[in-house]
Amino acid sequence: MAPQYAPSLRSRLAPLLLCLQTLFIIISALYFKNRVTVNKDDLRNFYSEFQDVNVMVILGFGFLSTFLVRHGFSSTGFNLLVAAIASQWALILTGVESWFSAGRITVDLKSIVVAELCTASALIAVGSVLGKANPVQLTVIVLLEVSGFVLNEWLLRTLLKVRPLSSIMLLHIFGALFGFTLTWIMYRKGSEDGFEKEKFDRKSGLFSSLGTVFLWMFWPSFNSVLVPDWTPWRKLGAVSSTYLALAVSAVTAAAVSVLCSPKGKLNLIQMQSCILAGGVAVGVSTSAIHEPWEAMAIGFTAAIVSTIGFKYLKK
Amino acid sequence: MAPQYAPSLRSRLAPLLLCLQTLFIIISALYFKNRVTVNKDDLRNFYSEFQDVNVMVILGFGFLSTFLVRHGFSSTGFNLLVAAIASQWALILTGVESWFSAGRITVDLKSIVVAELCTASALIAVGSVLGKANPVQLTVIVLLEVSGFVLNEWLLRTLLKVRPLSSIMLLHIFGALFGFTLTWIMYRKGSEDGFEKEKFDRKSGLFSSLGTVFLWMFWPSFNSVLVPDWTPWRKLGAVSSTYLALAVSAVTAAAVSVLCSPKGKLNLIQMQSCILAGGVAVGVSTSAIHEPWEAMAIGFTAAIVSTIGFKYLKK
Amino acid sequence: MAPQYAPSLRSRLAPLLLCLQTLFIIISALYFKNRVTVNKDDLRNFYSEFQDVNVMVILGFGFLSTFLVRHGFSSTGFNLLVAAIASQWALILTGVESWFSAGRITVDLKSIVVAELCTASALIAVGSVLGKANPVQLTVIVLLEVSGFVLNEWLLRTLLKVRPLSSIMLLHIFGALFGFTLTWIMYRKGSEDGFEKEKFDRKSGLFSSLGTVFLWMFWPSFNSVLVPDWTPWRKLGAVSSTYLALAVSAVTAAAVSVLCSPKGKLNLIQMQSCILAGGVAVGVSTSAIHEPWEAMAIGFTAAIVSTIGFKYLKK
């Protein structure tokens with residue numbers, strides 16, 4: 001079954017993208033300014049953080065979904081497309097506050113990194129409907145998700161006085177909830193008749209492993225990027241906690257996966273999602289972890305819960 | 001149709017490579033010296049730039065051409081081979097000037113980075129004839145291209161007093177012109193009877209995406225690597241301009257690609273080349289860009305021009 | 001022929017992994033402490049070294065073995081699993097000494113990097129039996145290898161007063177010898193009847209190239225990571241020597257590979273192993289190299305020896 005896009009997709013996608021892009025350029029022409037004062041050390045420091053987040057967002061999330069049969073090739077393209085839209089939109093929205101106070105939005109590596117974290121949240125939400133939604137829907141979803149995320153963070157920060165450090169937690173929770181709601185709405189639509197694009201292919205599985213491996217490697221950067229520089233011991237703690245939790249998750253996920261499988265085989269797709277559970281769990285609770293064993297115990301629990309959850313939800 | 005190498009390829013390739021390599025080792029034994037005075041901070045700084053350029057040259061360009069049916073596997077091998085030859089040759093040629101003045105060629109990370117940029121130019125030229133030329137031809141082409149590039153840069157710098165900052169521009173232009181001439185010569189040879197190796201394969205397309213994604217991620221490093229350290233605001237400007245231009249290119253390329261296609265489908269191979277157009281365009285004009293919107297407008301224009309160009313040239 | 005795991009694999013693998021993991025968590029709860037004093041510059045410096053070693057160990061070694069027909073997909077999973085076990089075990093064992101003197105094991109990026117180097121040694125040994133051993137055997141092998149490696153290093157350092165700088169050499173030699181012994185034992189077992197999983201597949205070859213390319217790119221980090229920071233010129237020397245040796249190896253391996261092949265074709269799998277020979281050879285002799293040409297000559301010799309060795313051993 002070939003993908004059934006509405007015949008009018010062409011007439012809608014191109015104008016939508018061109019209008020959005022023109023709008024972004026006009027806004028940037030009016031309000032964006034490059035930062036002109038910058039310290040040599042800060043630049044070097046932010047640059048490597050910027051690179052790491054970039055790798056996570058573009059490569060990690062892009063290749064994570066390539067195990068879908070029909071979707072492998074296009075998922076990397078769609079991911080790049082929605083990431084490019086989301087990060088521009090997030091750059092504008094996160095700058096609104098400074099626009100109110102200073103009349104312009106300063107663009108530097110810090111603001112690009114924050115925009116990419118919003119993008120990551122949007123890609124988590126989009127990941128749950130990849131293979132079900134067409135590009136026009138994906139574009140709209142991403143715009144809504146980023147708006148919701150930025151608004152939500154602003155409300156939490158100004159009304160409820162939540163510390164900005166927790167925004168990594170927010171990112172995963174908001175992305176996951178948004179994705180969950182989306183899946184629920186789209187499934188309800190009655191289109192239950194088998195999403196052929198969701199089928200799994202062994203060859204493409206390797207690309208999916210590649211995506212997982214990159215997420216695994218750069219997760220410590222992801223969890224430590226928003227820890228401020230003047231508390232280096234916290235940053236170190238976040239990095240080593242994440243590393244330990246990921247290692248424990250990998251071992252535990254393999255064990256539970258073998259236990260759950262009727263034939264006692266390692267289910268690698270299942271293992272992939274659960275390995276990352278440790279990283280998410282530590283990211284969410286990073287400010288409460290003080291000793292290495294706490295991180296390891298969290299990784300252990302997260303892997304067991306997510307493997308069992310994966311097993312029973314997919315039934 | 002199996003690849004039709006001349007029967008004498010074996011008798012020519014191995015001696016050519018061994019002679020070249022022996023020559024390089026003799027030259028290095030006579031004139032190369034390791035730098036012995038180095039600052040701890042400089043080392044760390046140059047090291048990450050060296051890594052980023054390395055990733056671009058070896059991985060990015062290596063996997064960009066894997067979408068060719070028969071060529072996927074060998075293109076990564078040939079790319080590594082010609083990159084290794086080109087960077088050694090460039091290391092020698094770019095050191096000739098300091099050899100005249102000081103009697104020896106100092107090898108440090110700075111000189112390796114410059115040599116790798118020459119290599120990048122050679123790989124751009126080689127990319128246009130991959131799948132048409134055999135390894136012996138590729139080796140000769142690469143040696144000529146590097147010699148031409150270094151000579152050209154030297155002439156521009158000493159005779160025309162062009163600033164060294166523009167050498168990124170030079171790199172793309174020289175590489176592209178050289179490649180264009182090569183393609184013209186090789187096509188004229190009458191071997192128009194269908195290059196089977198140029199056919200496209202869906203599975204290998206994913207590897208090509210991987211190459212594109214790596215180029216996308218590390219392009220900001222590429223455009224900022226030659227900006228001197230004592231102007232950090234310029235470096236920051238080059239990084240964020242490149243990022244914005246790439247994001248705008250991705251969105252615009254998708255839109256124009258849908259408009260151009262008869263069935264309104266996203267042509268991902270086409271999209272891949274055009275996404276990178278934004279990076280090239282910003283790299284060429286980096287010293288003239290002062291505001292974010294200028295970078296975004298350049299990315300927009302570059303993507304439209306290159307998508308339309310791609311469409312009509314391939315007809 | 002489907003893989004013939006013992007029917008009791010399921011009943012053994014899961015309990016083994018869960019017991020090991022629980023043991024590791026208990027040990028960490030009793031003795032692990034996070035480092036709390038850390039300098040901002042040191043953190044940044046160690047962090048990038050940690051990332052590079054991580055990429056080598058998880059991605060490089062993980063994808064290097066994907067060219068085996070049946071093993072491609074699972075080899076990345078098994079590699080991640082054994083790497084996670086090995087690095088936790090190594091973190092504990094390398095901390096035993098400081099536990100004797102201070103009563104606790106301090107976890108910081110330095111200790112994680114050292115643990116990952118032990119893991120690399122274990123993965124080299126495991127690489128020689130991938131496709132022959134089941135996950136339970138792999139787990140046991142990895143635990144033994146790490147214990148042997150740490151014990152061996154401790155004996156050399158305390159009894160024979162060998163300098164710690166040479167531990168990169170130790171890593172390759174110990175890993176290779178351990179792997180060699182393993183292969184010998186496993187082959188002797190009489191299971192000579194064709195390891196179908198060892199067959200080669202063209203498509204998966206690209207993934208193997210990817211692994212090679214990553215090892216190639218990050219080898220300079222690998223060879224320089226243990227050079228102390230207060231001798232930056234040595235670090236620079238290690239980086240540029242490794243780069244030159246790798247470039248020379250690539251060219252020489254291609255030439256010798258063409259000479260050895262009956263049809264004069266490039267054998268890329270063979271080329272892949274030999275390219276890396278240069279990196280290993282330079283790593284082993286890094287403290288004895290003072291001039292660039294010495295590194296290049298070592299790369300040349302290593303590539304010739306390993307290509308010829310590969311050719312005659314596989315017969």
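The coordinates are above.
Just so it is clear, the structure is predicted and the values come from calculations on it, not from any experiment.

A. Main features of the interface of chain A and chain B. Opposite the 54 residues of chain A that make contact, chain B presents 54 residues. Overall, the association of chain A and chain B removes approximately 4,800 Å² of surface from exposure, summing both partners, and the carbon and sulfur fraction of that is 76%. One can count zero salt bridges joining chain A with chain B. At the boundary of chain A and chain B, one finds one residue pair in polar contact (both at pLDDT 80 or more). The greatest single-element share of the side of chain A that touches chain B, amounting to 13 residues, is contributed by helix α3 (residues 72-94) of chain A. Considering only residue class, the side of chain A that touches chain B consists of 30 nonpolar, 14 polar and 10 charged.

B. Fine view of the relation of the copies chain A and chain C. Aligned on chain C, chain A shows an RMSD of 0.0 Å; the corresponding rotation is 120° and the shift along the axis is 0.0 Å. Those values place the two copies in the arrangement expected of a three-fold rotation axis. An overlap of only 9% is found between the interface residues of chain A and their copies at the interface of chain C, pointing to separate contact surfaces.

C. Structural context of the interface of chain A and chain C. The partner chain C presents 54 residues to the 54 residues of chain A that form the contact. Both faces combined, the contact of chain A with chain C buries some 4,800 Å², and carbon together with sulfur accounts for 76% of it. Connecting chain A to chain C are one residue pair in polar contact (both at pLDDT 80 or more). Of all the secondary-structure elements, those providing two or more residues to the side of chain A that touches chain C are α2 (40-64), α8 (202-224), α9 (232-260), α10 (268-284) and α11 (292-313) of chain A. Class assignment for the residues of the side of chain A that touches chain C results in 35 nonpolar, 11 polar and eight charged.

D. Just helix α6 (residues 135-158) of chain C, in detail. The end-to-end C-alpha distance of α6(C) is 35 Å, a good match for the 34 Å that 24 residues give at a rise of 1.5 Å each. For α6(C), the set of buried residues is P135(C), V136(C), L138(C), T139(C), I141(C), V142(C), L143(C), E145(C), V146(C), F149(C), V150(C) and E153(C).

E. Structural detail: the environment of V38(C). Within the element layout of this structure, V38(C) appears in the loop between β1 (32-34) and α2 (40-64). Sequence separation between V38(C) and D108(C) is 70 residues, and the spatial gap between their C-alpha atoms is 9.3 Å. Apart from the residues within four sequence positions on either side, V38(C) is in contact with P232(A), W233(A), L236(A) and L43(C).

F. Molecular detail of the relation of the copies chain A and chain B. For the pair chain A and chain B, the relating rotation is 120°, the translation along its axis is 0.0 Å, and the fit reaches an RMSD of 0.0 Å. Of the interface residues in chain A, just 9% have counterparts in chain B that sit at the interface too, so the contact is made through distinct surfaces.

G. A look at a nonpolar patch on the surface. Residue and element names in this part refer to chain A. On the surface, L151, W154, L155, L159 and L160 cluster together into a nonpolar patch covering about 520 Å² of accessible area. Looking at where W154 falls in the secondary structure, it is placed in helix α6 (residues 135-158). We classify W154 as partly exposed; its relative accessible area is 39%.

H. Summary view of the nonpolar core. Counting 257 residues, the largest nonpolar core has L59(A), F214(A), L59(B), F214(B), L59(C) and F214(C) as the members making the most contacts within it. When sequence neighbours within four positions are dropped, the list of residues in contact with L59(A) reads N54(A), F214(A), L210(B), V213(B), F214(B) and M217(B).

I. Structural view of the side chain of T119(B). Checked against the element boundaries, T119(B) lands in helix α5 (residues 109-127). Not counting residues within four places of it along the chain, the set of residues in contact with T119(B) comprises V57(B), A83(B), A86(B) and S87(B).

J. The arrangement of the packing of helix α5 (residues 109-127) of chain A against α6(A) in detail. Residue and element names in this part refer to chain A. Closest axis-to-axis distance for the α5/α6 pair is 9 Å, and the angle between their directions is 130°. Here α5 lies oblique to α6, going by the angle between them. Judged by the sense of rotation from one axis to the other, the crossing of α5 with α6 is right-handed. The residues of α6 that touch α5, namely those facing C118, S121, A122, A125 and V126, are L138, I141, V142, E145, V146, F149 and V150.

K. Expanded view of the environment of N34(B). Inspection of the secondary structure assignment puts N34(B) in strand β1 (residues 32-34). On the basis of relative accessibility, which here comes to 15%, the residue N34(B) falls in the buried class. For the pair formed by N34(B) and I105(B), sequence separation is 71 residues and the distance between their alpha carbons is 8.5 Å. With residues up to four places along the chain from it excluded, the contact list for N34(B) reads T106(B), V107(B), G237(C), S240(C), H290(C), E291(C) and P292(C).

L. Just the packing of aromatic side chains, in detail. Under the definition given, this model contains 12 aromatic pairs over all chains. When the centroid spacing of 5.9 Å and the interplanar angle of 25° are considered together, the rings of F24(B) and W89(B) count as stacked. Placement of F24(B) in helix α1 (residues 9-31) and of W89(B) in helix α3 (residues 72-94) is noted, with a sequence separation of 65 residues between them. This pair shows no difference in class: F24(B) is buried, exactly as W89(B) is. Each residue in the set Y31(A), W99(A) and F100(A) is aromatic and connected to the rest through ring pairs, giving one cluster.

About the criteria used
Position numbers for residues count from 1 along each chain, tracking the sequence in the order it is written. Here the convention is simple: chains get letters from A, ligands get numbers from 1, in the order in which they are written. Given that the model is predicted, a residue must reach a pLDDT of at least 70 before its local features are reported, and side-chain atom pairs must reach 80 or more before they are shown or counted; all residues, however, enter totals for whole chains, interfaces and linings. For side-chain calculations, the full set of non-hydrogen atoms in the structure is used, while hydrogens and water are omitted. Contact definition: two residues touch when any of their heavy atoms are within 4.5 Å. Note on definitions: buried area is the accessible-area loss of two parts on being combined, 1.4 Å probe, summed for both. Salt bridges are identified by distance alone: a Lys or Arg side-chain nitrogen within 4 Å of an Asp or Glu carboxyl oxygen. Under this definition, polar contacts are N or O atom pairs within 3.5 Å; protein pairs additionally need one hydrogen-donor-capable and one acceptor-capable atom, and for neighbouring residues in sequence, both atoms have to be side-chain atoms. Runs of E in the DSSP output that reach at least two residues are strands. Runs of H or I that reach at least four are helices, and both are numbered from the N terminus. Amino acids are sorted into nonpolar (Ala, Val, Leu, Ile, Met, Phe, Trp, Tyr, Cys and Pro), charged (Asp, Glu, Lys and Arg) and polar (every other residue, Gly among them). Residues reaching a pLDDT of at least 70 in both copies supply the C-alpha atoms on which the copies are superposed by least squares. Take the number of residues in a helix, subtract one, and multiply by 1.5 Å to get its expected span. Summary of the burial criterion: residues with accessible area below 20% of their type's maximum are buried, those above 50% are exposed, and those between are partly exposed, where the area comes from a 1.4 Å probe applied to protein chains only. Patch definition: residues above 30% relative accessible area lacking any salt bridge, with like charges linked at up to 9 Å and the nonpolar side chains Val, Leu, Ile, Met, Phe, Trp and Tyr linked at up to 5 Å. Per-residue accessibility takes into account occlusion by the displayed protein chains alone, with areas from the Shrake-Rupley method and a 1.4 Å probe. We define a nonpolar core as any set of buried Ala, Val, Leu, Ile, Met, Phe, Trp, Tyr and Cys residues linked to one another through side-chain atoms lying within 4.5 Å. In this analysis, axes come from line fits to C-alpha atoms, helices being fitted only over the stretch in contact, and the angle between any two N-to-C directions falls in the range 0 to 180 degrees. Roughly parallel refers to an angle under 35 degrees, roughly antiparallel to one over 145, roughly perpendicular to one between 65 and 115, and oblique to any angle outside these ranges. Here a crossing is taken to be left-handed if its near helix is turned anticlockwise relative to the far helix by less than a right angle, and right-handed if that turn runs clockwise. The rule is short: rings of Phe, Tyr and Trp, with Trp giving its six-membered ring, pair when the centres are within 6.5 Å, and they are stacked under 30 degrees, edge-to-face over 60, tilted in between.

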